[in-house]
Structures are given as C-alpha cells and as structure tokens.
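# Fold and geometry: a report
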Amino acid sequence: MHALTVCLPNCQIGSITLRKTYKDPLRMSSSLVVCEVDESLTEKLKKFRFRKETNNAALLIKIDMKKKLVILEEEYEDISLDDLRGELPERQPRFIVYSYKYVHDDGRVSYPLCLIFSSPEGCKPEQQIMYAGSKTQLVQTAKLTKVFDTRHAEELTEEWLKNQLSFFR
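Residues numbered from 1 in each chain as written. Predicted model: local features only at pLDDT ≥ 70, side-chain atom pairs only at ≥ 80, totals over all residues. Heavy atoms only, no water.

### Overview of the packing of aromatic side chains
- If you walk through the whole model with that rule in mind, you get six aromatic pairs.
- Note on Phe148 and Trp160: the rings are 6.1 Å apart at their centroids and 80° apart in plane angle, and the pair reads as edge-to-face. Here Trp160 lies in helix α4 (residues 158-165) and Phe148 lies in strand β11 (residues 146-150), a separation of 12 residues in the sequence.
- Here Phe148 falls in the buried class, since its relative accessible area comes to 6%.
- Joined through ring pairs, the aromatic side chains of Phe95, Phe117 and Tyr131 make up one cluster. (Phe/Tyr/Trp six-rings, centres within 6.5 Å; stacked < 30°, edge-to-face > 60°. Helix = DSSP H or I, 4+ residues; strand = E, 2+ residues; numbered from the N terminus. Buried < 20%, exposed > 50% of the residue type's maximum accessible area, 1.4 Å probe, protein only.)

This is the structure we're talking about:
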C-alpha cells in the first residue's frame, strides 16, 4: 500500500470526492477515504469476528454508489468459495469477508477471517476507484490482517485461498 498525500482538503474525481483523514495527529499520516463504512455493517463485522459457529461463512459487501457508503449486501452461512463465486456479480466489484475453517497439514484447525476484494475486469472505472479507495477503511474498521485481491472470479477456490493463507503459517 502506498501513502498518498493530498494537498487540498477535498479532491473531486468525477462524482467521487476524496478527502484526507488523519489517524495519528502527531505523525499526520494520512489515508484516503472515499466511502465510509455503514454503522450497521461495523456492528455486523464485530459480531461476525466473534461468531461461535465452526462452518465457513461470508459477508458480501458492496458500495451504495449514491450514498457513498460501504454496506452489507448479503450474509451466507455454511458456504464454500465455489458456491460464493456464483453469488458474485459478473462486472461489479465486491468485498467478501470470509470466515474459513482451515485444517492445517498437522491437523490443527484455525478460523482465519479474510477480506477478499473481487474487482473483475470490465468494471466501470468509477466503481474501481470507489472500491479501491474504500478498501483500507474497511480493513481498518474490521481489523483484518489477511487481505487478498482477485481480478478473476474463477480463481476463488479453496486451493487458491489455502495458497494465499500459506504465507501466514
């Protein structure tokens, strides 16, 4: 992730307003915020993080383009990545927060919480900017550390996810 310095308080790109926020006023480190995360989604993410179920589950998250708000589109219980792939729109980006039952080679079981940013080729540039510019805000709000991107929905398989997670062993 690259740092971006914005000289003006607000910057307009088409209908998208970018604004600079400061997380640490002493360091004045800035991050770009395009869309805020909806409060109800923030609460849902907190509950999802501490869920007791041991099956795979997902939150499908989209941006309300008119409100410029990151919102919950759908919640899925006991869903594989193969099934989830079929729920993704063909030409629109989406965020997926996925709770995955990961059985390690040595038999241990863990439940990593992953953010998968799906941005298929052929998306409208305005959508790509809004999603890419909102990803960091969502990651920080949900306190996620396992963040993966894909441009091809057919990549979303259990094998792909295990390969991505192998970095964290």
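### Here we look at the layout of surface pockets
- Empty space within the second largest pocket amounts to approximately 170 Å³.
- Contributing to the lining of the second largest pocket are Arg85, Leu88, Pro89, Glu90, Arg91, Ser118, Pro120, Glu121, Arg151, His152, Ala153 and Glu154.
- By residue class, the composition of the lining of the second largest pocket is four nonpolar, two polar and six charged. (1 Å grid on protein atoms, 1.4 Å probe; cavity = no way out; pocket = protein on both sides within 12 Å on 5 of 7 lines; lining within 4 Å. Points joined across faces, edges and corners; volume = space filled by probe spheres on them. Nonpolar A, V, L, I, M, F, W, Y, C, P; charged D, E, K, R; others polar.)

### A short note on helix α3 (residues 125-142)
- Helix length check: α3, at 18 residues, gives a terminal C-alpha distance of 25 Å against a target of 26 Å (1.5 Å per residue), a fit within 8%.
- A maximum bend of about 35° is found in α3 at Lys135.
- Turning to α3, its buried residues are Gln127, Met130, Tyr131, Gly133, Ser134, Lys135, Thr136, Gln137, Leu138, Val139 and Ala142.
- Directly beyond the C-terminal end of α3, a positive phi value near 55° is found at Lys143. (Expected span 1.5 Å × (residues − 1). Bend = angle between axes of the 7 residues up to and from the residue.)

### Some words on the pattern of salt bridges
- Under the counting rule described, the total for this entry stands at nine salt bridges.
- Residues Glu158 and Lys162 are paired through a salt bridge, measuring 3.8 Å at the closest nitrogen-oxygen approach. Residue Glu158 and its partner Lys162 are both found in helix α4; the two are separated by four residues, about one turn of the helix.
- Counted as one network, the salt bridges with shared partners bring together Arg51, Glu53 and Glu77. (Salt bridge = Lys/Arg side-chain N within 4 Å of Asp/Glu carboxyl O.)

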